Structures are given as C-alpha cells and as structure tokens.
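If you want the building blocks of each chain, they are given just below.
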Amino acid sequence: MASENDLRLGVNIDHVATVRNARGGAYPDPIRAAKLAEEAGADGITAHLREDRRHISDDDIERLMDSLTLPLNFEMAATEEMREIALRHKPHAVCIVPEKREERTTEGGLEVAREENRLAHYIAPLRDAGCRVSIFIAADPRQIDAANRIGAEVIELHTGAYCDAIAEGDVETRDREYQALREMAAYGASLGLEVHAGHGLTFDSVGPIAAFPEVKELNIGHFLIGESIFLGLSDAIVEMRRLMDEARGAPLRTAG
Ligand code: PXP
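Predicted model only: the values in this text are computed from it and were never measured.

A. Main features of a nonpolar patch on the surface. Taken together, the side chains of Ile229, Phe230 and Leu231 present a nonpolar region at the surface, about 370 Å² in accessible area. Mapped onto the secondary structure, Ile229 falls in helix α10 (residues 222-231). Overall, the relative accessible area of 69% leaves Ile229 in the exposed class.

Shown next, in the form of structure tokens:
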C-alpha cells in the first residue's frame, strides 16, 4: 500500500542483486524484492545500473519495467550508453549520479556546475521522452543553482556524510551536515525544484531528514536490505516507513 502523506519512500533494490551476483545464479531475485517492497508500503523502486554491472543487470531493468506497477527511479551515470537504455525503457524518473569504477558506492554528488553545458544537452532528450530528471548532488548552493539552470525537475541531496557522522559519533560533522541539508532542502524548494534525499540512511538517521517539509522522497537501499536479514524485508520497510511518518508528524497509518 502506498503512503498517504507527502513523503514518499523509494526502496533501492541494488543490493539484492549484489547478493545474487556473489554466486552468479538467479536468486535472490531483485524483482521479487521490488514486489514485496510494494506490498510493504514503498512508493517507488530505485535501481542503479552501474557501468560495470556489479549489481543490477540490463535484464533486471527490463523485468522491472515489464512487471512493476510502482514508478521506477532509474539511477545512472551520464554516459551515452545509459541514456540509450533509459530512452528505450522510459522509466518514470532518471536520477543522474556520478560514477567511478573504483568506488565502493556513490561517494559524492554530481559536479553539475563544472559540466553545465554538457549536462543540459545530455538531459534534454530524457525530459523530452517524459522522464522526470533528478540530479544527485551535495548540499551546495552552487550545485543546486546549476541543476536548476540545466532544467532538472528534481534534486536528490546526498545524505552520506551526515549518516557517516552519526555512525561515527562525530557530533560536530553531524550538526554541520544536518544544517547544510536543512538549508539546501529549503533553498532547492524555493527555486521550484522537487527535493529528494538519500544515501546511507538508517533507522537512526532517517528521522531528522524525513522531518524537512521540503523533502518529498527518500531513497533507501543498503540498510534496508541488510536489516532484512534480521527483520525480513517487509518488516524492515514497515519500520522505516513508520519512522518517516513519525518524524513527519503524519498520523500513523493502520495496516490493511
Ligand atoms: N540515492 C542515490 C542517488 C544513490 O545513488 C543511492 C545508492 O545507490 C541511494 C539513494 C541509496 O543509498 P543507500 O543504498 O546507502 O541507502
């Protein structure tokens, strides 16, 4: 059941594919996880087709497009190959992320300001095809202004440094990152951009970010898939949703 308040939860299923690929077989199947996520209250599914195909595969994207009823947020690097794939499938949203082959995960936001011209031309056909274009960036006014100028409809603020600071007990960094996210969520919304946030969010870190009224969507993956080992995927999603609703001050929804 999708949520009734104005904060959506996008469940990122990449790491179901990571576990599958560790053995090279067919299970666990990320599409099965996507269907379970939908039943548990996700509002969307996020999947990142990396250039090295380390988790999600081309076939996963095809199957998601064929069988999902929820909107797909397709994360990709700004390459010609990825744009061709996106234009073939026309997912609900395309989120442009930076990608380095040697990194373990998406470590920072996209450098939009330095690549403004190229990115403006790059995203135009995606928008023309009806995809909502989102840009994954740091909470930095220069990047937000540039994302706005190139014609993005959505920005997703990178919460990784904030989450790391919580995990490490680094209060000073946590507070600085929190303040930057809070101010930049408001700034992005004031320009007319839809503001999303994600990366590294856990039960411990989600509340303060979910409480920003300007944030309309959180995309959460690694923690939920990890926690599903202990709680099961449905219960992990239900608990995340509950914490989001609680932080938002939304009336808690009853199951059914
Ligand atoms: N949002 C974006 C743009 C991402 O690249 C990722 C990671 O793929 C996430 C959200 C989810 O991050 P995590 O898996 O750490 O929850």
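B. Layout of the pattern of salt bridges. As enumerated under the stated definition, the model contains 24 salt bridges in all. Arg142 is the partner of Asp140 in a salt bridge, and the nearest nitrogen-oxygen pair spans 3.6 Å. Taking the relative accessible area as the measure of exposure, Arg142 reaches 49% and is therefore partly exposed. The partner of Arg174 in a salt bridge is Asp175, and the shortest N-O contact between them spans 2.9 Å.

C. View of helix α11 (residues 233-248). With 16 residues, α11 extends 23 Å between its outermost C-alpha atoms, agreeing within 8% with the 22 Å of an ideal straight helix rising 1.5 Å per residue. Along its buried surface, α11 packs onto β1 (8-12), α2 (30-40), α9 (206-210), β8 (215-220) and α10. Positive phi shows up at Gly249, right after α11, with a value of about 75°.

D. View of the packing of helix α4 (residues 80-89) against helix α5 (residues 116-128). Where α4 contacts α5, the axes come no closer than 10 Å and their chain directions differ by 15°. Taken together, the axes of α4 and α5 are roughly parallel relative to one another. Regarding α4 and α5, the two cross each other, and that crossing is right-handed. Contact residues: α4 offers Glu80, Met82, Arg83, Ala86 and Leu87, while α5 offers His121, Tyr122, Pro125 and Leu126. Looking at the contact of α4 with α5 residue by residue, the classes come out as six nonpolar, one polar and two charged.

The rules behind these values
Residues numbered from 1 in each chain as written. Predicted model: local features only at pLDDT ≥ 70, side-chain atom pairs only at ≥ 80, totals over all residues. Heavy atoms only, no water. Patch = residues over 30% accessible without salt bridge, like charges linked within 9 Å, V, L, I, M, F, W, Y side chains within 5 Å. Areas by Shrake-Rupley, 256 points an atom, 1.4 Å probe, with all protein chains shown as cover. Salt bridge = Lys/Arg side-chain N within 4 Å of Asp/Glu carboxyl O. Helix = DSSP H or I, 4+ residues; strand = E, 2+ residues; numbered from the N terminus. Buried < 20%, exposed > 50% of the residue type's maximum accessible area, 1.4 Å probe, protein only. Expected span 1.5 Å × (residues − 1). Contact = heavy atoms within 4.5 Å. Axes fitted to C-alpha atoms, helices over the stretch in contact; angles between N-to-C directions. Parallel < 35°, antiparallel > 145°, perpendicular 65-115°, else oblique. Left-handed = near helix turned anticlockwise from the far one by under 90°. Nonpolar A, V, L, I, M, F, W, Y, C, P; charged D, E, K, R; others polar.

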